[in-house]
Amino acid sequence: LEGFPQTASIAYLPDVARLEWAWHEAFHAPFSEALDAQAFAQVPPDKRPALRLALRPGARLLRSAYPAAKIWEFALSEHGPNAPRLDLESEAAGHVLVVRPQLEVLVVDLELAEWRWLSALAARTQLAAAGALARSVHADADCERYLDAHLEIGSFAALRSRPRADAPRPASRWIPCGDAAWPS
């Protein structure tokens, strides 16, 4: 859409289309268990700064020069002749998380520092380092509030324990058959 001459006057359209595509990816993503506050609370406090939290499968982080989530929601809403107009001049740039914690896909507007924090976590940055990155955007970034909010909505995949280095490895699920391999 960015290079399509017929839509050149609708500068926000490519970003809204990316958000729509992210919604579809989240909707069709495989289900996984969420990390909840109770499971997170079981992690010893001294181990939490080193945690690497993963977003749920299909979760997408988007940013736009336009309020893409508000435009998308406005386009999907029913509005009559007296409905308020969306004033793009007064709206800030958009930072969005698209995630499907259960059956419904959520489109969540984020603060810039919160978006930076989630982006760092999505890149498998440790929790403490992600917090430092968020505070580099805004010195008062409230990472505890971000964590609580995303545990509440189910943004993160459940924690997996890493197998010990000396633990026995499971047998291969693949059985060789000539030049091909088939699942067992």
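Residues numbered from 1 in each chain as written. Predicted model: local features only at pLDDT ≥ 70, side-chain atom pairs only at ≥ 80, totals over all residues. Heavy atoms only, no water.

Draft legend 1. Here's a closer look at the pattern of salt bridges. Inspection of every chain in the model, using the stated rule, returns four salt bridges. Note that Arg60 and Glu25 form a salt bridge whose closest N and O atoms lie 2.9 Å from each other. Here Arg60, found in strand E1 (residues 60-64), pairs with Glu25, found in helix H1 (residues 13-28); they are 35 residues apart in sequence, far enough to count as distant. Judged by its relative accessible area of 30%, Arg60 is partly exposed. Residue class for Glu25 comes out partly exposed when judged on its relative accessible area of 28%. With a closest N to O distance of 2.7 Å, Arg145 and Glu111 form a salt bridge. With Arg145 in helix H6 (residues 143-153) and Glu111 in the loop between strand E3 (106-109) and helix H4 (112-122), this residue pair connects regions lying 34 residues apart in the sequence. One network of salt bridges, in which partners are shared, links Glu111, Asp142 and Arg145. (Salt bridge = Lys/Arg side-chain N within 4 Å of Asp/Glu carboxyl O. Helix = DSSP H or I, 4+ residues; strand = E, 2+ residues; numbered from the N terminus. Buried < 20%, exposed > 50% of the residue type's maximum accessible area, 1.4 Å probe, protein only.)

Draft legend 2. Local environment of the sheet that holds E3. Sheet architecture is open: three strands sit in the order E1-E2-E3, paired in antiparallel fashion. Among the strands making up the open sheet, the edge pair consists of E1 and E3. Across the sheet, the mean angle from the axis of one strand to that of its neighbour is 25 degrees, orientation sign disregarded. Helix H3 (residues 68-76) contacts E1, strand E2 (94-99) and E3 of the sheet and is inclined by roughly 135 degrees relative to E3. Of the strands in this sheet, E1 and E2 are in contact with H4, which crosses E1 at around 140 degrees. (Pairing = 2+ DSSP bridges. Axes fitted to C-alpha atoms, helices over the stretch in contact; angles between N-to-C directions. Contact = heavy atoms within 4.5 Å.)

Draft legend 3. Region of the structure containing the pairing of E3. Pairing of E2 with E3 involves four bridges; the strand directions are antiparallel. Bridge pairing in E3 links Leu97 to Val108. The antiparallel hairpin formed by E2 and E3 contains six residues in its connecting segment.

Draft legend 4. Highlighting the packing of H4 against H6. Interaxial distance between H4 and H6 falls to 10 Å at its minimum, and their mutual angle equals 70 degrees. Overall, the two elements H4 and H6 adopt an arrangement that is roughly perpendicular. Between H4 and H6 the crossing geometry is right-handed. Each of Ala113, Glu114, Trp117 and Leu118 in H4 lies in contact with H6, whose residues at this interface are Cys143, Tyr146, Leu147 and His150. Considered class by class, the residues forming the contact of H4 with H6 number six nonpolar, one polar and one charged. (Parallel < 35°, antiparallel > 145°, perpendicular 65-115°, else oblique. Left-handed = near helix turned anticlockwise from the far one by under 90°. Nonpolar A, V, L, I, M, F, W, Y, C, P; charged D, E, K, R; others polar.)

Draft legend 5. Molecular detail of the packing of H4 against helix H5 (residues 127-137). One way to put it is that H4 packs onto H5 with a least axis distance of 8 Å and a crossing angle of 150 degrees. Of the possible angle classes, the one that applies to H4 and H5 is roughly antiparallel. As for the relative orientation of H4 and H5, their crossing is right-handed in sense. Where H4 approaches H5, its residues Leu112, Ala113, Arg116, Trp117, Ala120 and Leu121 are matched on the opposing element by Leu127, Ala130, Gly131, Leu133, Ala134 and Val137. Split into classes, the residues belonging to the contact of H4 with H5 amount to 10 nonpolar, one polar and one charged.

Draft legend 6. View of unusual backbone geometry. One non-glycine residue with positive phi stands out, namely Arg124, at about 70 degrees. You can call Arg124 partly exposed: its relative accessible area is 37%.

Draft legend 7. Geometry of the nonpolar core. Counting residues in hydrophobic clusters, the biggest one holds 25 residues, and the most contacted among them are Phe40, Leu53, Trp117, Leu118, Leu121, Leu147 and Phe156. Elements represented by at least two residues in this core include exactly E2, H4, H5 and H6. Looking at this core, the element that brings in the most residues is H4, giving six residues. Non-local contacts of Leu53, meaning those with residues more than four positions away in its chain, are made with Leu35, Leu121, Arg124, Leu127, Leu147, Phe156 and Leu159. Ala22, Leu62, Ile71 and Val105 belong to the second-largest nonpolar core, a separate cluster that totals 13 residues. (Core = buried A, V, L, I, M, F, W, Y, C linked by side-chain atoms within 4.5 Å.)

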